Amino acid sequence: MEEIYAKFVSQKISKTRWRPVPPGSLQTAETFTTGSWDNEENYVSLWSIGDFGNLDSDGGFEGDPKLLCDIRHHGDVMDLQFFDQERIVAASSTGCVTIFLHHPNNQTLSVNQQWTTAHYHTGPGSPSYSSAPCTGIVCNNPEIVTVGEDGRINLFRADYKEAVRTIVWEVHFHPSNPDHLFTCSEDGSLWHWDASTDVPEKSSLFHQGGRTSTFLSHSISNQANVHQSLISSWLTDPAKDRIDITSLLPTRTLSVNSLDVLGPCLVCGTDAEAIYVTRQLFS
């Protein structure tokens, strides 16, 4: 078994990511980044491991991670991704998304781009905005997609100061029938997600087929007497025609900012200065 090297860093580490190696390169991973959380001051740090197992000039193992540089991060680091070889994207519990740039000549990190209010809550009686944690990011240069506890999905570009697109303003399960989900979005969509369709496979937790299959843990698979009423439609594989998605607005409009649903009735409000109401959701 390979030996494991430990480095005590006096910080709670929330995320770690290897820096990707250049395409076609035969070198192994040597540099990684870390983000911290739940500390008085949080940091994004860059580390190098060198060659494992070899002694350096001081008699220590070169495999011991060495801190190359770090930079203070406001809030907890909720997610961390390399954007390219030099840039790191960090998601914050404050709702901020930051691109940090690594300067290898003097081994420093600096802020390259920042969206301070990428995710936020709004509502009656609240301030103009209150921060909502950014919980996840994914990068595909030059684009960055973020998700947050405000229910938004943001599409950013590294060279733009504002979001290119924002999606799912509000998400509501039907209060008495959770197989039905309703979403509204800045792009003018109002969707009804129906997972109540009676499909034979739905009685099984372990449907398999096609390119995308859902598997639960082996320990759960041994529980053969799980009652069907405890099975959530949203835990099954949505790629198997189990969810019907219907647009509830006749034409695309400006941003649909809010919705509410009760029984067969739905109401929503839009930036087109219109209110839409239906009393026949399930007809």
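These figures come from a predicted structure and were not determined experimentally.

Chemist: Lay out the pattern of salt bridges with the relevant residues and their values.
Modeler: Across all of its chains, the model carries 6 salt bridges by this definition. Arg-87 is paired through a salt bridge with Asp-84; the nearest N and O atoms lie 2.7 Å apart. In this structure Asp-84 comes out as buried when scored by relative accessible area, which is 18%. Residues Arg-152 and Asp-150 are paired through a salt bridge, measuring 2.9 Å at the closest nitrogen-oxygen approach. Residue class for Asp-150 comes out buried when judged on its relative accessible area of 9%.

Chemist: I'd like a rundown of the nonpolar core, residues and numbers included.
Modeler: Core analysis: the biggest nonpolar cluster contains 12 residues, these being Phe-83, Val-89, Ala-91, Val-97, Ile-99, Trp-115, Ala-118, Cys-134, Ile-137, Ile-144, Phe-156 and Ala-158. Elements represented by at least two residues in this core include exactly strand S6 (87-92), strand S7 (97-103) and strand S11 (134-140). Contact partners of Ala-91, with chain neighbours within four places excluded, come to His-73, Asp-76, Val-77, Met-78, Asp-79, Cys-96, Cys-134 and Ile-137. If you look at the next biggest cluster of nonpolar residues, it comprises 11 residues, including Val-44, Phe-82, Phe-100 and Leu-109.

Chemist: Pulling in residues and values, what's your account of the sheet that holds strand S17 (residues 190-194)?
Modeler: Taking strand neighbours across the sheet as the criterion, the 4 strands line up as S15-S16-S17-S18 in an open arrangement whose pairing is antiparallel. Where the open sheet ends on each side, the last strands, each with one partner, are strand S15 (170-173) and strand S18 (244-247). For this sheet, the mean angle separating the axes of adjacent strands, direction not counted, is 20°. For strand S16 (residues 180-184) and S17, the ladder comprises 5 bridges, and the chain directions are antiparallel.

Conventions used here
- Residues numbered from 1 in each chain as written.
- Predicted model: local features only at pLDDT ≥ 70, side-chain atom pairs only at ≥ 80, totals over all residues.
- Heavy atoms only, no water.
- Salt bridge = Lys/Arg side-chain N within 4 Å of Asp/Glu carboxyl O.
- Buried < 20%, exposed > 50% of the residue type's maximum accessible area, 1.4 Å probe, protein only.
- Core = buried A, V, L, I, M, F, W, Y, C linked by side-chain atoms within 4.5 Å.
- Helix = DSSP H or I, 4+ residues; strand = E, 2+ residues; numbered from the N terminus.
- Contact = heavy atoms within 4.5 Å.
- Pairing = 2+ DSSP bridges.
- Axes fitted to C-alpha atoms, helices over the stretch in contact; angles between N-to-C directions.

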